[in-house]
Structure formats: C-alpha cells, structure tokens
Amino acid sequence: MKKIIVFASGGGSNFEALCNAAEAGKFNAKIVLLVASKNGIGAIEKAKKHNIPVYIYDENTVAEVKKYSPDLIALAGYLQKIPDQILDICPVINIHPALLPKFGGKGMYGHHVHEAVLKAGEQFSGPTVHYVNEHYDEGAIIKQTRVPVLAGDTPQTLAARVLEAEHKLLPECVKQILDK
Ligand code: GRF
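Calculation criteria
- Residues numbered from 1 in each chain as written.
- Predicted model: local features only at pLDDT ≥ 70, side-chain atom pairs only at ≥ 80, totals over all residues.
- Heavy atoms only, no water.
- 1 Å grid on protein atoms, 1.4 Å probe; cavity = no way out; pocket = protein on both sides within 12 Å on 5 of 7 lines; lining within 4 Å.
- Points joined across faces, edges and corners; volume = space filled by probe spheres on them.
- Helix = DSSP H or I, 4+ residues; strand = E, 2+ residues; numbered from the N terminus.
- Nonpolar A, V, L, I, M, F, W, Y, C, P; charged D, E, K, R; others polar.
- Near = heavy atom within 4 Å.
- Polar contact = N/O pair within 3.5 Å; in protein donor to acceptor, adjacent residues only side chain to side chain.
- Areas by Shrake-Rupley, 256 points an atom, 1.4 Å probe, with all protein chains shown as cover.
- Buried < 20%, exposed > 50% of the residue type's maximum accessible area, 1.4 Å probe, protein only.
- Contact = heavy atoms within 4.5 Å.
- Core = buried A, V, L, I, M, F, W, Y, C linked by side-chain atoms within 4.5 Å.
- Phe/Tyr/Trp six-rings, centres within 6.5 Å; stacked < 30°, edge-to-face > 60°.
- Lys NZ or Arg CZ within 6 Å of the ring centre and 35° of its normal.
- Pairing = 2+ DSSP bridges.
- Axes fitted to C-alpha atoms, helices over the stretch in contact; angles between N-to-C directions.

## What to know about the layout of surface pockets
Space left empty within the atom packing is revealed by a probe, the size of a water molecule, rolled over the atoms. Estimated volume of the largest pocket: approximately 850 Å³. What lines the largest pocket is a set of 41 residues, and nearest its centre among them are Gly-77, Tyr-78, Leu-79, Ile-95 and Tyr-109. Only α1 (13–23), α4 (84–87), β5 (92–96), α5 (111–119) and α6 (155–179) provide two or more residues apiece to the lining of the largest pocket. For the lining of the largest pocket, the leading source of residues is α6, giving five residues. Residue composition of the lining of the largest pocket, by class: 16 nonpolar, 19 polar and six charged.

## So, the site of the ligand
In the neighbourhood of the ligand, the contacting residues comprise Gly-10, Gly-11, Gly-12, Ser-13, Asn-14, Gly-77, Ile-95, Pro-97, Leu-163 and Glu-166. One of the backbone nitrogen or oxygen atoms of Gly-12 is found 2.8 Å away from an oxygen atom of the ligand. Contact distances for the ligand include 2.6 Å between an oxygen atom and a side-chain N or O atom of Glu-166. Across the complex, the protein chains shield 81% of the 370 Å² of accessible surface that the ligand would expose by itself. Going through the elements one at a time, α1 and α6 are the ones with two or more residues in the shell around the ligand. Of the residues belonging to the shell around the ligand, the class tally is three nonpolar, six polar and one charged.

## Structural notes on the environment of Ile-56
Residue placement: Ile-56 occurs in strand β3 (residues 54–56). Relative accessible area serves as the criterion here: at 27%, Ile-56 is assigned to the partly exposed category. Once the C-alpha coordinates of Ile-56 and His-112 are considered, the two residues, 56 residues apart in sequence, prove to be 26 Å apart. In this structure Ile-56 touches Ala-36, Lys-38, Asn-39 and Ile-44, once residues within four positions along its chain are discounted.

## Focus on the nonpolar core
Of all hydrophobic cores here, the largest spans 31 residues; its most connected members are Phe-15, Phe-27, Ile-31, Leu-34 and Ile-93. Looking at this core, the elements that each hand over two or more residues are β1 (2–8), α1, β2 (29–36), α2 (42–49), β4 (72–75), β5 and α6. Ranked by residues supplied to this core, first place goes to α6 with six residues. With sequence-adjacent residues up to four places away left out, Phe-15 is seen in contact with Val-6, Ile-31, Leu-34, Ala-43, Lys-46, Ala-47, Ile-52 and Ala-76. The next biggest cluster of nonpolar side chains, apart from the first, holds 16 residues, and it includes Leu-33, Tyr-55, Val-92 and Val-132.

## A few points about the packing of aromatic side chains
Summed over all chains, the structure comprises one aromatic pair. A ring pair is formed by Phe-7 and Tyr-78, whose centres lie 5.2 Å apart and whose planes are at 85 degrees; its orientation type is edge-to-face. With Phe-7 in strand β1 and Tyr-78 in the loop between β4 and α4, this residue pair connects regions lying 71 residues apart in the sequence. The two residues Phe-7 and Tyr-78 agree in class, both being buried. The positively charged end of Arg-146 is found above the aromatic ring belonging to Phe-124, 3.9 Å away from the centroid.

## Some points on the environment of Phe-7
For Phe-7, a relative accessible area of 0% translates into the label buried. In this structure the C-alpha to C-alpha distance between Phe-7 and Ala-43, which are 36 residues apart in sequence, comes to 9.3 Å. Each residue touching Phe-7, except ones within four places of it in the same chain, is listed here: Val-35, Tyr-57, Thr-61, Val-65, Ile-73, Ala-74, Leu-75, Ala-76, Tyr-78, Ile-82 and Ile-86.

## Observations concerning the sheet that holds β3
Taken in spatial order, the seven strands of this open sheet run β3-β2-β1-β4-β5-β7-β8, and their pairing is mixed. Looking at which strands have only one partner, the edges of the open sheet turn out to be β3 and β8 (141–144). On average, adjacent strands in this sheet sit at an angle of 20 degrees to one another, irrespective of strand direction. Pairing between β4 and β5: three bridges, direction parallel.

The structure is reproduced here in structure tokens:
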C-alpha cells in the first residue's frame with residue numbers, strides 16, 4: 001500500500017477529508033504521518049482520532065519524513081514554506097482556495113484570498129490542487145473545481161463554499177496521482 005504524509009497548519013479539515021477517504025478505501029494508500037506546523041493546532045486532535053502519528057515541525061523534519069519513504073506529500077492548509085529537500089523526496093501537492101493562477105502568491109492565504117476574489121467581482125471561485133515547486137502557488141495545476149460567487153457573499157460564506165469543494169477535490173487528486 002502506498003504511503004502519504006500530510007502537512008497542516010490549521011484546523012485540519014482537509015487532512016480529515018483525506019483520513020476519511022483513506023479509511024473508506026477511496027484510494028489505495030495509507031496516511032502514515034501528519035506533520036503539524038506547531039503544537040496546539042486542530043489538525044493534531046484529528047490525527048489522534050484517526051490514529052495517525054504526529055510530528056511537530058522542527059529542524060529534523062526532512063530526516064523524519066525520509067524515514068517513511070512516502071509516495072506522496074500533501075500540503076493541506078499548510079502555510080509555511082517547505083524546505084527544498086522535501087521536494088526531492090516524492091511528488092508534493094498543495095490545495096489553494098482559489099482558481100489559480102489568479103489569487104495566488106505571497107500574501108494570498110486564508111481570508112485574504114476570498115476578500116480579493118470578492119473585490120475583483122469574480123463570478124466563480126473554487127479550489128485548485130497543484131504540484132508544489134520552489135515558487136509559491138506556481139506548480140502545474142492538477143485539477144480545479146468551480147463554485148459560484150453569490151450575491152451577498154462575505155469572505156466567510158465564500159470560504160465555506162470553497163472549503164466544501166476542497167474536501168472532495170483533494171482526495172480525488174490524491175487518487176488520480178496514486179493511480180498513475
Ligand atoms: C483551506 O481553505 C486551504 O485551502 C487553505 O487553508 C484552509 C485550511 O483549512 N490553504 P483546513 O485546515 O484544512 O481546515
């Protein structure tokens with residue numbers, strides 16, 4: 001069975017969507033480790049619930065990740081830059097809450113993304129899953145889902161609609177990559 005490592009910095013709802021998909025046999029892989037950006041984040045509780053070991057990011061993260069020989073690394077709401085050595089281990093994918101190449105790059109994370117989408121008057125938004133390279137949000141796009149921007153949307157209501165789509169898209173992309 002293939003091995004996936006997930007990196008997360010926040011509540012971990014995308015991480016949990018991957019745990020649920022793995023447990024339901026939606027792809028033939030096991031999540032072997034959660035790398036959390038720091039102690040106390042919500043994703044850690046979710047890892048405990050799903051019996052997945054947790055490693056808190058430190059200077060030995062690259063060595064720790066290598067021990068598992070992962071087939072795929074998924075950044076699921078991971079906000080820090082990952083070291084380039086991680087990119088040499090296996091394919092690394094990221095989920096971004098907007099339709100790249102628009103609304104990506106420096107400063108475009110969390111509510112900033114949805115604010116920018118609303119300000120630009122876009123009719124659609126939605127998550128993008130892409131390969132990670134050394135430039136933020138610029139790796140090849142794997143797949144996107146379009147969701148409508150509705151009249152009266154706030155950054156919060158739009159974020160919630162996009163997040164729901166993220167939870168479907170990320171497991172789908174993991175399956176697509178692992179099946180290759
Ligand atoms: C998601 O919108 C993700 O796209 C973004 O951060 C949010 C993380 O949510 N990069 P969660 O931690 O997976 O709940």
